[in-house]
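Tertiary structure, described
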There are 2 protein chains.
Amino acid sequence: MPAKVLIAGTWRDADSTGTFQATNPNTAETLPAEFPISSWADCDAALAAAAEAAVAMRRLSADQIAAFLECYADKIDAAKDSLSEAAFAETGLAKSPRLADVELPRTSNQLRSAAASCRSGDWAHATIDTATGIRSCYEPLGPVCVFGPNNFPFAFGSVSGGDFAAAIAAGNPVIGKANSSHPETTRLFAELALAAAEETGVPTSIVQLIYRTSHADGERLVADPRVGATGYTGSRNAGLKLKAAADAAGKQIYLELSSVNPVVILPGALAARKDELVDEFITSALMGTGQFCTNPGLVLLLADDASEAFISQVKERFGGTAAGTLLSPAVATSLKSSVETLCGFGAELLVGGGEIESGRCALANTLLRASAEQFLANPEGFQTEAFGNASLVVVADNLDQLCQVIASLEGNLTGCVYSDPNGSDDDSYDAVAFELTPKVGRILNDKMPTGVAVSAAMNHGGPYPSTGHPGFTAVGIPASLIRFAKLTSYDNVRPGRLPALLADKNPTGSTPRRIDGSWTTDDVS
Amino acid sequence: MPAKVLIAGTWRDADSTGTFQATNPNTAETLPAEFPISSWADCDAALAAAAEAAVAMRRLSADQIAAFLECYADKIDAAKDSLSEAAFAETGLAKSPRLADVELPRTSNQLRSAAASCRSGDWAHATIDTATGIRSCYEPLGPVCVFGPNNFPFAFGSVSGGDFAAAIAAGNPVIGKANSSHPETTRLFAELALAAAEETGVPTSIVQLIYRTSHADGERLVADPRVGATGYTGSRNAGLKLKAAADAAGKQIYLELSSVNPVVILPGALAARKDELVDEFITSALMGTGQFCTNPGLVLLLADDASEAFISQVKERFGGTAAGTLLSPAVATSLKSSVETLCGFGAELLVGGGEIESGRCALANTLLRASAEQFLANPEGFQTEAFGNASLVVVADNLDQLCQVIASLEGNLTGCVYSDPNGSDDDSYDAVAFELTPKVGRILNDKMPTGVAVSAAMNHGGPYPSTGHPGFTAVGIPASLIRFAKLTSYDNVRPGRLPALLADKNPTGSTPRRIDGSWTTDDVS
């Protein structure tokens, strides 16, 4: 029997058009559990229940929603072992430290941060203009569909990750579409979420889970009138189809699609600490077998001996390091294909490439090289994302050419610049950063891009096509919540009818509100 | 000779595919000035110049950009007579008070507010997290195309209005596409803007002006890689075509499309002050010949004698009031057609309708009536926007039915609820507001929707299809600026390289910044 879907607060048989199974990437064996491919009838039922839950949630207090998130976070912490076991089987990611000790606490803490923001209302930008009698804040938008990615089964999971936390904390129910590579892990999370909903008395349809639909039904789902918005993290191709469907219906969709995350290393940085930079790069590039959204897939260097030495050391280390396991057969196939594509455009294969390992989803650590001249002749081609343990090094003849390469880049999540700690690169830095900053959501100095701190100042976002809108972040609370909100002005609305956030009295005593132009936690005087 | 276009800081002959002339709606006569329809070559040249200006603007200080806006505002005030004269000829709107004494000062003050926000940086949500070393703020996005509407030749003008002010204050150059019904007015504004640019030393391509393009070139323009975003206010049909083009290219487009602005009048309000409500409604509905985005086009009443009396008094007053002039022959034709469409769906024509006046763009003040039952049988049809001096009254049998009508509404900019000042309607209010609030960008009590204050708490926006994104406002500073910005995080960026807004020292001494979770104007300690 295939697994049941979670619709309207009940685990029930799917109205299915077929089934699928995940693969254990460490053994390349199909896992036994079967999961249903839902028909439109399941989507429709989930939408109907979500629409009802959205109405019911508008009658809840912020405290009630926050209590649900906190209860769920506690249950996740308590289920650490079973969650890590399931995710290990489905993703090949190490149980420890990665899953149990890094990603899991990040996930539960993210839910707690979202709960805190929900409770305080700091995300809602409460604005009060006493002279005109107008008050405004962000409010829930309606049911949010979340399509989680393959690479963070916990922290970006459809019913556990950042989009989920943000959508719920902003007051919306979530319809999770599990990533097909880790359905059992997602199912376990949904069980915990349902238990938390029951325990805290919020509508049980606050979270629903389906595992897979046809592409057509996915497009219909994100465009449905009952949907408020969608969060999608995954491949560019599938994401753009969902975007087209949502856009045509006037529905918001927040996408995280692809990014090669350029890393520029200037000569003074190499002169000062080349060996350390090799270490930092190797660690960042191969961490999680390179399967991070912010993996440094493109290294930009200026032609000189130190750059050659850097390349040669990285090549040696790539070759001498066992390849990690990739998340799924599809990831391995796609990585191999991207490497071949880059070679087809003329990139030189320095190390790696070749065939997928038999008996495991893995490809040798791969380093490619191209000249800036080659890159500039085909910038689109050389920006082919090779998701996994592969990076492309591009060597420019001079600073102007380096800046041209940067100017030819598409939008990216991140851009890093390493420069001489003693200032010899400062003019080059200015030129590089001036070109790079408009292309990226986050610019880093002297640091690799793979760490994505959950910070109020984090932007895990960036210009298209890294995401669909350059003004929003998927990570970082409270900012990530406003993606799933509508702005509402209350004009001359009688005092007793205002939402708590906009009443004269500060609802918590500590909620930041912009009153007559100044942020304050005071009551309206 | 047709008028020249403003491209790359120079008034030059258009590369035109034809010409057009505006009409004086008060006389139905074609105005003498000819304006070019630009080819793609003009668009391309404007885009190239705007891209250069965007780069140059990134090197300007906030003070320099603010000084340009303020200088321009002063020039607008000084040119009050010529601007009002031109706009009167092209739009039929009264020179005084409307154009010279209401819309013009609103326009220049809006530019000054935008300048103040630019100078202070309060729009940029500077966020500093000292624990992680990450800092973020909104930054300019790139050239902004502005397609202004026909109904506010100053305050929403392509090169003078709210979108222009917001785009420039956020640090972006503007390519204005004049509304074809008032090209000469727009040309005069562009002259003043160019003079202000020259006087204050900002790039002269900060503002460029073309008058009209083919539909295909318009779609190509908003999708061009050099564009940052587009602001469009106008008809739903044209707007959705631009949206499709921009969406497919991953470009932001902020749309204001259509809205019927439901006004619910509950029995206790009619009992308390029916005659005043008739006055308020008439004023709001016929102001500017009903050609406001927030015109009350749909009145929802409960069946009783007072509602009948209200309708009958409004009918009498509509019939007894001379129809104002409409903005253009197209508006008159469209209004007549919408009235006929509504009648075709079964609405009863209480007064008005008929033929367009000869010798003037005008249609009699029109009041239509339908039952809630009729409305619910065809909600899409009965929400046909009749832009101009026409309103539809819908009478519901009971509160439940009234709420069903509200639940069937599309997204609107505004929703008003009038209720008994003494509380007899309070339960009904709760039911109505619960349905209405999610449908609108601004909810009002005891007040008509036509005033749109420039307030930090204003939301001139709303759910689709009133706009394209429910999280943004087109009016209200500083919030309107972030539409034209990207979020950028600075992660571990060395202190001397941070933008002024994110430096340890507060750049103005009074810029609000969120430091470690608290809004403050202090320096980082």
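In the annotation of an unreviewed UniProt entry, chain A is listed under the name Aldehyde dehydrogenase (NADP(+)) and assigned to Roseiconus lacunae.

With that settled, consider the overall build of chain A. When its secondary structure is counted, chain A shows 15 helices and 23 strands. Rg of the C-alpha trace for chain A: 24 Å, near the compact-globule value of 24 Å for 525 residues, within the 12% margin. When its C-alpha atoms are laid out on the principal axes, chain A stretches across 70 × 60 × 40 Å. Residue burial in chain A is summarised as follows: out of 525 residues, 62% are buried. Restricting the contact set of chain A to residue pairs at least 6 apart, pairs at least 24 apart contribute 74%. When the accessible area of chain A is evaluated, it comes to approximately 17,100 Å², of which 50% is carbon and sulfur surface. Charged side chains of chain A number 38 positive and 59 negative; the gap between the two group centres comes to 8 Å.

A separate point is the sheet that holds strand β18 (residues 390-396) of chain B. Reading across from one edge, β23(A)-β22(A)-β7(A)-β8(A)-β21(A)-β20(B)-β19(B)-β14(B)-β15(B)-β18(B)-β17(B)-β16(B) is the order of the 12 strands in this open sheet, with mixed pairing throughout. Only two strands of the sheet have a single partner each, and these edge strands are β23 (518-520) of chain A together with β16 (348-353) of chain B. Pairs of neighbouring strands in the sheet enclose a mean axial angle of 20 degrees, with direction left out of account. Across six bridges, strand β17 (residues 364-371) of chain B lies against β18 of chain B in parallel orientation. Bridging from a neighbouring strand, Leu367 of chain B pairs with Ser391 of chain B of β18 of chain B. Sitting on the sheet, helix α10 (residues 305-320) of chain B touches β14 (262-265), β15 (298-302), β16, β17 and β18 of chain B, and the angle it makes with β17 of chain B is about 155 degrees.

A few words on the sheet that holds strand β8 (residues 134-140) of chain B. Taken together, 12 strands build an open sheet; the order of strands is β16(A)-β17(A)-β18(A)-β15(A)-β14(A)-β19(A)-β20(A)-β21(B)-β8(B)-β7(B)-β22(B)-β23(B) and the sheet is mixed. The open sheet has two free edges, formed respectively by β16 (348-353) of chain A together with β23 (518-520) of chain B, since each of these has just one partner strand. For this sheet the average axis-to-axis angle between neighbouring strands, irrespective of direction, equals 20 degrees. Two elements, strand β19 (residues 412-418) of chain A and strand β20 (residues 440-445) of chain A, share five bridges in a ladder whose sense is parallel. Paired with Thr414 of chain A across the two strands is Arg442 of chain A, which belongs to β20 of chain A. Helix α10 (residues 305-320) of chain A contacts β14 (262-265), β15 (298-302), β16, β17 (364-371) and β18 (390-396) of chain A of the sheet and is inclined by roughly 155 degrees relative to β17 of chain A.

With that settled, the discussion passes to the interface of chain B and chain A. Contacts between chain B and chain A engage 67 residues on the former and 67 residues on the latter. Applying the counting rule to chain B against chain A returns 10 salt bridges. Where chain B packs against chain A, one counts 53 residue pairs in polar contact (both at pLDDT 80 or more). Contributing elements (two or more residues each) for the side of chain B that touches chain A: α1 (40-58), β7 (127-129), β8, α8 (236-248), β13 (252-256), α15 (426-436), β20 (440-445) and β21 (485-491) of chain B. Sort the elements by how many residues they give to the side of chain B that touches chain A and β21 of chain B lands first, with seven residues. Here the residues of the side of chain B that touches chain A are counted per class, giving 30 nonpolar, 19 polar and 18 charged. Where strand β21 (residues 485-491) of chain A and β20 of chain B come together, three bridges link them in parallel fashion. Residue Ser489 of chain A lies in a different strand from β20 of chain B, and its bridge partner there is Arg442 of chain B.

Before going further, it helps to examine the relation of the copies chain B and chain A. Here chain B sits on chain A after a turn of 180 degrees about the axis and a move of 0.0 Å along it, with an RMSD of 0.0 Å. Taken together, these values place the two copies in the relation of a two-fold axis.

Residues and elements named next belong to chain B. If you trace the backbone, His182 turns up in the loop between β10 (174-177) and α6 (183-200). Exposure remark for His182: the relative accessible area of 1% places this residue in the buried category. Separated by 32 residues in sequence, His182 and Asn150 have C-alpha atoms that sit 7.2 Å apart. Those residues within four positions of His182 in sequence are excluded, and the remaining contacts are Glu90, Thr91, Pro149, Asn150 and Pro153.

Quick look at the domain arrangement of chain A now. All names here are of chain A. By domain assignment, chain A separates into domain 1 (46-257 + 473-481) and domain 2 (262-445). Just the C-alpha atoms count here: the centres of domain 1 and domain 2 sit 32 Å apart. Each partner contributes to the interface: domain 1 provides 11 residues, whereas domain 2 provides 12 residues. Summing both partners gives a buried area of about 870 Å² for domain 1 against domain 2, and 55% of it is carried by carbon and sulfur. Between Glu410 and Arg236 there is a salt bridge, with its nearest N and O atoms 2.9 Å apart. There are two residue pairs in polar contact (both at pLDDT 80 or more) connecting domain 1 and domain 2.

A word on helix α4 (residues 95-120) of chain B. All names here are of chain B. Taking 1.5 Å per residue, 26 residues should reach 38 Å; α4 reaches 35 Å between its end C-alpha atoms and fits that length. Along α4, the sharpest change in direction is near 30 degrees and occurs at Glu103; proline Pro105 comes one to four residues later. In the segment just after α4, Gly121 is the residue with positive phi, at about 75 degrees.

It is worth spelling out the pairing of β15 of chain B at this point. Residue and element names in this part refer to chain B. Within β15, five of the five residues are buried, which leaves the element mostly enclosed by the surrounding structure. Neither face of β15 is exposed, since Leu298, Leu300 and Leu302 on one face and Val299 and Leu301 on the opposite face are all buried. In the sheet, β14 pairs with β15 via four bridges, with the strands oriented parallel. Directly across from Val264, in β15, lies its bridge partner Leu300. Here five bridges tie β15 to β18, and the two strands are oriented parallel to one another. When the sheet's bridge partners are listed, Val299 is paired in β18 with Val393.

Turning our attention to the side chain of Ser391 of chain B. Residue and element names in this part refer to chain B. Secondary-structure assignment places Ser391 in strand β18. Separated by 2.9 Å, the side chain of Ser391 and the backbone oxygen of Pro296 make a polar contact. Ignoring anything within four residues of it in the chain, the contact list for Ser391 reads Phe281, Ala285, Pro296, Gly297, Thr366, Leu367 and Leu368.

In this section: the nonpolar core. Counting 270 residues, the largest nonpolar core has Phe68, Tyr72 and Phe164 of chain A together with Phe68, Tyr72 and Phe164 of chain B as its most contacted members. The contact partners of Tyr72 of chain A, leaving out residues within four places of it in the chain, are Leu111, Val159, Ser160, Phe164, Phe189, Leu192, Ala193 and Ala196 of chain A.

Let us look at the packing of helix α2 (residues 62-78) of chain A against helix α6 (residues 183-200) of chain A. Residues and elements named next belong to chain A. Running from N to C, α2 and α6 cross one another at 135 degrees; their axes reach a closest spacing of 9 Å. Classified by the interaxial angle, the pair formed by α2 and α6 is oblique. When you trace α2 past α6, the crossing you get is right-handed. In contact with Ala67, Phe68, Cys71, Tyr72, Lys75 and Ile76 of α2, α6 contributes Phe189, Leu192, Ala193, Ala195, Ala196, Ala197, Glu199 and Thr200. For the contact of α2 with α6, the per-class residue count stands at 11 nonpolar, one polar and two charged.

Residues and elements named next belong to chain B. Along strand β9 (residues 144-147), one buried face is formed by Val144 and Val146 and the opposite face, lined by Cys145 and Phe147, is buried too. Pairing of β9 with β10, which is carried by four bridges, proceeds in the parallel orientation. Paired with Cys145 across the strands is Ile175, a residue of β10. The parallel pair β9 and β10 is bridged by helix α5 (residues 162-169), and the resulting crossover is right-handed. Pairing analysis gives four bridges linking β9 to strand β12 (residues 229-233), with the strands arranged parallel. The residue of β12 that forms the bridge with Cys145 is Thr230.

With that out of the way, let us pick up the pattern of salt bridges. Applying the stated criterion to the full structure yields 58 salt bridges over all chains. With a shortest N-O distance of 2.9 Å, Asp74 of chain A and Arg112 of chain A are connected by a salt bridge. Of the two residues, Asp74 of chain A sits in helix α2 while Arg112 of chain A sits in helix α4 (residues 95-120), which places them 38 residues apart along the sequence. Overall, Asp74 of chain A belongs to the partly exposed group, its relative accessible area being 44%. For Arg112 of chain A, a relative accessible area of 25% gives the class partly exposed. The residue Glu70 of chain B makes a salt bridge to Arg119 of chain B at a minimum N-O spacing of 2.4 Å. Placement of Glu70 of chain B in helix α2 (residues 62-78) and of Arg119 of chain B in helix α4 is noted, with a sequence separation of 49 residues between them. Several salt bridges share partner residues, and in doing so they unite Asp44, Asp224 and Arg226 of chain A into one network.

What counts and how
- Residues numbered from 1 in each chain as written.
- Chains lettered and ligands numbered in written order.
- Predicted model: local features only at pLDDT ≥ 70, side-chain atom pairs only at ≥ 80, totals over all residues.
- Heavy atoms only, no water.
- Helix = DSSP H or I, 4+ residues; strand = E, 2+ residues; numbered from the N terminus.
- Rg over C-alpha atoms; globule rule 2.2 N^0.38 Å.
- Buried < 20%, exposed > 50% of the residue type's maximum accessible area, 1.4 Å probe, protein only.
- Contact = heavy atoms within 4.5 Å.
- Areas by Shrake-Rupley, 256 points an atom, 1.4 Å probe, with all protein chains shown as cover.
- Lys, Arg positive; Asp, Glu negative; His and termini not counted.
- Charge placed at Lys NZ, Arg CZ, Asp CG, Glu CD.
- Pairing = 2+ DSSP bridges.
- Axes fitted to C-alpha atoms, helices over the stretch in contact; angles between N-to-C directions.
- Salt bridge = Lys/Arg side-chain N within 4 Å of Asp/Glu carboxyl O.
- Polar contact = N/O pair within 3.5 Å; in protein donor to acceptor, adjacent residues only side chain to side chain.
- Nonpolar A, V, L, I, M, F, W, Y, C, P; charged D, E, K, R; others polar.
- Least-squares fit on C-alpha atoms with pLDDT ≥ 70 in both.
- Domains from an automatic or database assignment.
- Buried area = accessible area lost by both parts, 1.4 Å probe.
- Expected span 1.5 Å × (residues − 1).
- Bend = angle between axes of the 7 residues up to and from the residue.
- Core = buried A, V, L, I, M, F, W, Y, C linked by side-chain atoms within 4.5 Å.
- Parallel < 35°, antiparallel > 145°, perpendicular 65-115°, else oblique.
- Left-handed = near helix turned anticlockwise from the far one by under 90°.
- Right-handed = clockwise from strand over helix to strand, strands pointing away.

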